[in-house]
Structures are given as structure tokens and as C-alpha cells.
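Now for the letters of each chain:
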Amino acid sequence: MNLKNVVKSLINKRYFRFFQKINMYRVTYNAFRYDALRYISHSNSFLKFDTEDKLLGQIIAEYHAIEKGICMPQRRMGFGKQVINNLLDHCMIYLNRYPLYHDQIKHAVAVILEYQRIHHGVGFKLDDDLEEKMSQLKRQINSAPARQVTSTKEAFFSERYSSFDKFSESRHSVRNFTSEPVSLEKIKQSVSLARNSPSSCNRQPSKVYIVQNEQLRRQVLELQNGNRGFGHLATTVLVVTENLSYFLSINERNEAYINGGMFAMNLLYALHFNEIGACPLNWCAEKQNDISLRKLLDIPDNEIIIMLIACGQVPDTFMLASSPRKSVDEIIRIYGE
Ligand SMILES: Cc1cc2nc3c(=O)[nH]c(=O)nc-3n(C[C@H](O)[C@H](O)[C@H](O)COP(=O)(O)O)c2cc1C
């Protein structure tokens, strides 16, 4: 008889279940505490900018916001004033601390110069202190202005039947759509392909809510914080969820996010294959917004929301953010023979 059975035989069944429950809470608390402490120590949300990676992450997010602004269907001159200001400050802090700068910093500067070139090009006067910071930065890094990509519908989908390398390189987040609706049939075909994603023990906890109704779509997107300037053009919004009831132990606490991320990636490829423009949208929502979205779409409590995807028909000509990637050497670590 093992220890568990000895204890079980000694105490009343009801008390045993009670202690079992207490123990489960203890194990759960410790597991989440383990994750939380790592997040608190290393993410840029608490102790800010004390490492190169934290600064780099912030700078990439900021230059990407500017890239997005440049590519918006209706570009607004003077857009992102606060973001470009912060980006300039963060680049200066970075360069003072880390003179052997990362490639992404060079791109950040290139995006800043593209922002400046676009505004100068139409005679829009930027604030003097912004101009001064830009000149300072130019003295530190010699970079040409970046160029966001202009594509055509035909070119964008031309690699549908190509080899995987070409197909993969041809997919990009689209933030410009026509008013022509996306056929439900094509969305269903895309979801069908996304089912080929691997999932833990083939448990397939993913689900997709397809929102085409105009009013509901607008209400859903109002709860999401990354679709300003283009979300209103999406004619379909997808919500990817994962069913927590499929997971077996506390050690699987993050599996839903992994399964959901993999499913969503396959769905993005499938949408691209079916000639539907798509942009993944984060669901880093406040508690209240999470509750509101659940109510709106009747999403049960046992499902977690992974992300939203804005979908639509792609215009004949449109812009794509350049979003350059890190080098392979930077993201691999080899353990040889
Ligand atoms: C989890 C996740 C959340 C994202 N959230 C947003 C978002 O809220 N708004 C947006 O415009 N793009 C969003 N994106 C798109 C990224 O900005 C985009 O994937 C990245 O810049 C790389 O560009 P690409 O998709 O064109 O290759 C998100 C992407 C992912 C994977």
C-alpha cells in the first residue's frame, strides 16, 4: 500500500477530498507563481529598459507602429507624434548604451527617416524638437530612409501554388481591404486547412468564431486595441479560441496558447492560400474587454481567446509594412557533435 492509500484509509473520505483540493490549489498557485515571477523579472512591464533586449523590444514595437501608420489606407500627416518622439528617445538611449547596435536599430532609424521624408515631401512641418532629435540621430547612424512595400493583388497572391519557401515569404499582414465581402465558403475552406495543425495528443481544442455581421464586427473590433485606421475596412473578423477543458494537469497550463498559436498560424497561411487578406490582431485585452467579447459572441467560460484575425478582400494596389526579420544566426544556438 503506498503512502497515499495509507493516508486515505486513515482519514474520512470527505476530509481526504478536501485536503486533495487544498493541495491542488497549492500546486496550481506555485505553478502560476513560477511563471509570474519570471514574467515580472524579465518582461519590460515592471523594471523598464534595464537590459538591451527590453530596449530593443520597445524600439521594434514603436518603429512597427510608425511603419503601420505609413501603410494605412488613409495616411494622416503628423500621425504617431507621441510614438515617434518616444522612438527617437529610446533609440538615443540605446545608442548611448550599446554602440555596437543591432540591425533592427538601423531599421528603426530608417523608418524614422522615412517618416521625415514623407512629411517633408508634402511640405508638412514637423515640430522643431522632433527635427532636432532626428538630426542628432542621423549623426549617430548613417541610414537611408526605409521604404514600405507597395504590392498589387495579383503579385500578392501569385505564389499560392509555389513551393513552401516562396509561399511563406509571400504572406504578410494586410491592413487594407475593399468593401467586397469575403465568402463564408472560403473562410470555411481556410478553417478546414487550419485543422491540419498539430495539437497536443491530437486533442484539437481550437475553435473559430466567424463574425460577418457588420454591427457585431464593429462591436468586436472596438474591444481590440490594434486595428485603428484599418479595422473598419475588414469585412470578416475571426476569433480563435481554445477549450481549456481538454487540458489534463497544471503542467499543461500554457498548452492552450501554444496549440492556439499554431492553429492561428496555419489559419493565416490558409487564408492567404484562399486569396483572403488577413491581419492577426492581439488579444492582450483588459479583463473587462475579455468579459465583453465573451458576452457579445456567447463564448463560454471554458474557452480562452487566443487572437482575432481581421479579414477582407485585398485592393488592386496597397501597402505592406516592411517588418524585417532578425538573422538566422541570431536566433539559433547549435549544439554540435
Ligand atoms: C500575436 C500577434 C498579435 C498581433 N497583433 C496585431 C495587432 O493588434 N494589430 C496589427 O496591426 N498587427 C498585429 N499583428 C501583426 C504583426 O504586427 C505582424 O505579424 C508582424 O509585424 C510581422 O509582419 P507580417 O505578418 O507582415 O509578416 C499581430 C501578430 C501576432 C502574431
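Residues numbered from 1 in each chain as written. Predicted model: local features only at pLDDT ≥ 70, side-chain atom pairs only at ≥ 80, totals over all residues. Heavy atoms only, no water.

Here we look at the overall build of the chain
Secondary structure assignment for the chain yields 13 helices and 6 strands. Referenced to the eigenvectors of the C-alpha coordinate spread, the extents of the chain come out at roughly 85 × 50 × 50 Å. Classification of the 337 residues of the chain by burial places 42% in the buried group. A separation threshold of at least 6 residues defines the contact pool for the chain, and within that pool the share at least 24 residues apart is 82%. When the accessible surface of the chain is summed, it comes to about 20,100 Å², and 53% of that surface belongs to carbon and sulfur atoms. Positive and negative side-chain charges of the chain, numbering 43 and 35 respectively, have mean locations separated by a distance of 8 Å. (Helix = DSSP H or I, 4+ residues; strand = E, 2+ residues; numbered from the N terminus. Buried < 20%, exposed > 50% of the residue type's maximum accessible area, 1.4 Å probe, protein only. Contact = heavy atoms within 4.5 Å. Areas by Shrake-Rupley, 256 points an atom, 1.4 Å probe, with all protein chains shown as cover. Lys, Arg positive; Asp, Glu negative; His and termini not counted. Charge placed at Lys NZ, Arg CZ, Asp CG, Glu CD.)

So, the site of the ligand
With respect to spatial proximity, 16 residues lie near the ligand, and among them Ser173, Arg175, Gly226, Asn282 and Arg325 are the closest. A distance of 2.8 Å separates an oxygen atom of the ligand from a polar side-chain atom of arginine 175. With respect to the ligand, the side chain of arginine 325 contributes an N or O atom lying 2.8 Å from an oxygen atom. Calculation on the ligand without its partners gives an accessible area of 620 Å², and the protein chains cover 72% of this total. Looking at the shell around the ligand, the elements with two or more residues in it are helix H3 (52-71) and strand S4 (277-282). Looking at the shell around the ligand element by element, the count peaks at 4 residues for S4. Its residues assigned to classes, the shell around the ligand shows 5 nonpolar, 7 polar and 4 charged. (Near = heavy atom within 4 Å. Polar contact = N/O pair within 3.5 Å; in protein donor to acceptor, adjacent residues only side chain to side chain. Nonpolar A, V, L, I, M, F, W, Y, C, P; charged D, E, K, R; others polar.)

As for helix H10 (residues 214-222)
Of the residues making up H10, those classed as buried are Arg217, Val220 and Leu221. Viewed end-on, H10 has its buried residues packed into an arc of 95°, placing them on one side of the element. Between a side-chain oxygen at the N-terminus of H10 and the backbone nitrogen of glutamine 215 the separation is 3.1 Å; the capping residue is asparagine 213. (Arc of directions from axis to C-beta.)

Focus: the packing of helix H4 (residues 81-97) against helix H6 (residues 128-140)
Here H4 crosses H6 at 30°, and the two axes come no closer than 10 Å. One finds that H4 runs roughly parallel with respect to H6. As for how H4 packs across H6, the hand of that crossing is left-handed. Residues Ile84, Asn85, Leu88, Asp89, Cys91, Met92, Leu95 and Asn96 of H4 form the contact with H6, whose participating residues are Asp129, Leu130, Lys133, Met134, Gln136, Leu137 and Gln140. The class makeup of the residues in the contact of H4 with H6 is 8 nonpolar, 4 polar and 3 charged. (Axes fitted to C-alpha atoms, helices over the stretch in contact; angles between N-to-C directions. Parallel < 35°, antiparallel > 145°, perpendicular 65-115°, else oblique. Left-handed = near helix turned anticlockwise from the far one by under 90°.)

Section: the pattern of salt bridges
When their charged atoms lie close together, side chains carrying opposite charge are able to pair. If you walk through the whole model with that rule in mind, you get 9 salt bridges. Here aspartate 127 and lysine 81 are joined by a salt bridge, their closest N and O atoms 3.2 Å apart. Of the two residues, aspartate 127 sits in the loop between helix H5 (103-121) and H6 while lysine 81 sits in helix H4, which places them 46 residues apart along the sequence. Accessibility expressed as a relative area gives 34% for aspartate 127, which makes it partly exposed. With relative accessibility at 46%, the residue lysine 81 sits in the partly exposed group. Aspartate 290 is the salt-bridge partner of arginine 294, the closest N and O atoms lying 2.9 Å from each other. Pair noted here: arginine 294 and aspartate 290 are both in helix H12 (residues 287-297), with a separation of 4 residues, about one helical turn. Judged by its relative accessible area of 15%, arginine 294 is buried. (Salt bridge = Lys/Arg side-chain N within 4 Å of Asp/Glu carboxyl O.)

A word on the packing of helix H9 (residues 184-194) against helix H11 (residues 255-273)
Two elements in contact, H9 and H11, have axes separated by 8 Å at closest approach and are oriented at 135°. As judged from the angle between their axes, H9 and H11 are oblique. Once H9 is placed against H11, the crossing between them reads as right-handed. Where H9 abuts H11, its residues Ile187, Ser190, Val191, Leu193 and Ala194 lie against Phe263, Asn266, Leu267, Ala270, Leu271 and Phe273. Of the residues that constitute the contact of H9 with H11, the class distribution is 9 nonpolar, 2 polar and no charged.

Observations regarding the domain arrangement of the chain
Interfaces are often sized by the amount of accessible area the parts lose when they come together. Partitioning the chain into structural domains gives domain 1 (3-39), domain 2 (52-147) and domain 3 (152-320). At the junction of the two partners, domain 2 supplies 7 residues and domain 3 supplies 9 residues. For the pair domain 2 and domain 3, the two sides together bury roughly 670 Å², of which 60% comes from carbon and sulfur. Its largest share of buried area at the contact with domain 3, domain 2 owes to Cys71, Met72 and Pro73, together 63% of the area lost on that side. Counting every contact that joins domain 2 to domain 3 gives 0 salt bridges. Applying the counting rule to domain 2 against domain 3 returns 2 residue pairs in polar contact (both at pLDDT 80 or more). (Domains from an automatic or database assignment. Buried area = accessible area lost by both parts, 1.4 Å probe.)

With respect to the state of the cysteines
Covalent bonding between the sulfur atoms of two cysteines defines a disulfide. Tallied over the entire structure, the rule returns 0 disulfides. With no disulfide partner, cysteine 71 has as its closest neighbouring cysteine sulfur the one in cysteine 279, 11 Å distant. With no disulfide partner, cysteine 91 has as its closest neighbouring cysteine sulfur the one in cysteine 71, 18 Å distant. Cysteine 91 sits in the buried class, given a relative accessible area of 0%. (Disulfide = S-S within 2.5 Å.)

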